[in-house]
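# An overview of the molecular structure
The chain contents come next:
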Amino acid sequence: MKKLYEGKTKNVYSLENGNVLLEFKDDCTGKDGVFDPGENQVGLKIEGIGRSNLETSIHFFEILKKKGIKTHYVSANVEKATMEVLPAKVFGHGLEVVCRLVATGSFIKRYGEYIKNGTPLEGGYVECTFKNDALGDPLVTKDALVALGVMTAEMYDSIKEQTLKITKVVADDLKTMGLDLWDIKFEFGYNNGEVILIDEIASGNMRVYKGDKIMDPVELTKVILKK
C-alpha cells in the first residue's frame, strides 16, 4: 500500500489490486472553530467525525447501489475508518459539485441582495468549484470547464443529472427522519469511460436542519444510523 496524498479530511492510498483506499480523518471544514461544509479550509477537529463520515457514506452508498446508481464504492472497514473504492481520474486538479436546495452560506454571500437566506431553490441548484485553496475554491461554469478542456459538455450534463438524482435520494432518506437537507457537496471522477460519484457522502459534507436548528455532523450521523 502506497500513500498517494493527504487531503483535508482523508488520506489516500493505492492498493495492490488496483483500487484505492480512503482513510477518513477527524478534521472538518469550517472557520474559526465553527463547522461549515461550504468552507474550503479545515477549521476544526471533531473526535470521531472520520468514522462518522465513513458510516454515513456507507449508508448512502448502499442505498444508491440498491437503486442501480453506480459509484466508486467497493467496501469499507469501520473500525479502521477506511473505505476501498474504484480508481477514478478526477477532473482538472479537483472539482467539487454542490447541490443547493435552500439558499444559504456562500450562496447568500454572493447573491444576498437578490435572495433571502432560507429561500427554497426549486428543483435544486447545481454549481461547481475548482479545488484550489489559494484561490478560495473559485466557481467555474459549464462553458469554462469545456473551454479549459477539463471535461466535455456531455460529461458535465452527466454530472449535473447524477447530482440532482443523488441529492434527491439523500434528501428523501433524511426526510423520513424528520430532517431537511439544505445543501450537499459531491465529487465525481472518470472510471472506465464513465462519470461516477467518488469520495464520500458524509455528514460533514452536507448542511441539514431539524426544524430551525442545524445538525452537528456527529449528531446527524447518530440520527442517520439510528444510534
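The model shown is predicted, which means the values in this text are computed figures rather than measured ones.

### Re the nonpolar core
Membership of the largest hydrophobic core comes to 47 residues, with the highest contact counts inside it found for Phe91, Met151, Val170, Leu174, Phe188, Ile201 and Met206. Per-element accounting of this core gives the leading share, 8 residues, to helix α4 (residues 153-175). Dropping the residues within four chain positions of it, Phe188 is found in contact with Val90, Phe91, Val97, Ile159, Gln162, Thr163, Ile166, Val195, Ile196, Leu197 and Ile198. By size, the runner-up hydrophobic cluster in this structure holds 5 residues, among which are Phe107, Ile108, Ile115 and Leu121.

### Things to note about the environment of Lys222
For Lys222, the location among the structural elements is in helix α5 (residues 217-224). Separated by 212 residues in the primary sequence, Lys222 and Lys10 place their C-alpha atoms 21 Å from one another.

### Side note on unusual backbone geometry
In the Ramachandran plot, Ala81 falls in the positive-phi region, its phi being about 55° despite a non-glycine side chain. Following the sequence through the fold, Ala81 ends up in the loop between β7 (73-77) and β8 (82-85). For Ala81, a relative accessible area of 10% translates into the label buried. Even without a glycine there, the phi angle at Asn192 is positive, about 50°. Here Asn192 lies in the loop between β13 (180-191) and β14 (194-198).

### What about the sheet that holds β8?
The antiparallel open sheet is built from 5 strands, whose spatial order is β1-β2-β3-β8-β7. The open sheet terminates on both sides in strands that have one partner only, identified here as β1 (2-6) and β7. The mean inter-strand angle of the sheet, taken between neighbouring strand axes irrespective of direction, is 25°. Two strands pair when backbone bridges link them, and β7 and β8 are joined in this way by 4 bridges, in the antiparallel orientation. If you follow Ser75 over to β8, its bridge partner there is Glu84.

### A few points about the layout of surface pockets
Volume-wise, the largest pocket comes out at about 620 Å³. Taken together, 30 residues form the lining of the largest pocket, with Tyr5, Val12, Lys131, Glu187 and Asp199 sitting closest to its centre. At the level of secondary structure, the elements contributing two or more residues to the lining of the largest pocket comprise β1, β2 (10-14), β3 (20-24) and β13. Ranked by residue count, the leading element in the lining of the largest pocket is β13, at 3 residues.

### Quick word on the packing of helix α1 (residues 49-66) against α4
Direction vectors running N to C along α1 and α4 enclose 115°, while the axes themselves pass 11 Å from each other. Considering how the two elements wind past one another, α1 and α4 form a crossing that is right-handed. Facing α1, whose interface residues are His59, Phe60, Ile63 and Leu64, α4 presents Ile166, Val169, Val170, Asp173 and Leu174. For the contact of α1 with α4, the class distribution of residues is 7 nonpolar, 1 polar and 1 charged.

Thresholds applied
- Residues numbered from 1 in each chain as written.
- Predicted model: local features only at pLDDT ≥ 70, side-chain atom pairs only at ≥ 80, totals over all residues.
- Heavy atoms only, no water.
- Core = buried A, V, L, I, M, F, W, Y, C linked by side-chain atoms within 4.5 Å.
- Buried < 20%, exposed > 50% of the residue type's maximum accessible area, 1.4 Å probe, protein only.
- Helix = DSSP H or I, 4+ residues; strand = E, 2+ residues; numbered from the N terminus.
- Contact = heavy atoms within 4.5 Å.
- Pairing = 2+ DSSP bridges.
- Axes fitted to C-alpha atoms, helices over the stretch in contact; angles between N-to-C directions.
- 1 Å grid on protein atoms, 1.4 Å probe; cavity = no way out; pocket = protein on both sides within 12 Å on 5 of 7 lines; lining within 4 Å.
- Points joined across faces, edges and corners; volume = space filled by probe spheres on them.
- Left-handed = near helix turned anticlockwise from the far one by under 90°.
- Nonpolar A, V, L, I, M, F, W, Y, C, P; charged D, E, K, R; others polar.

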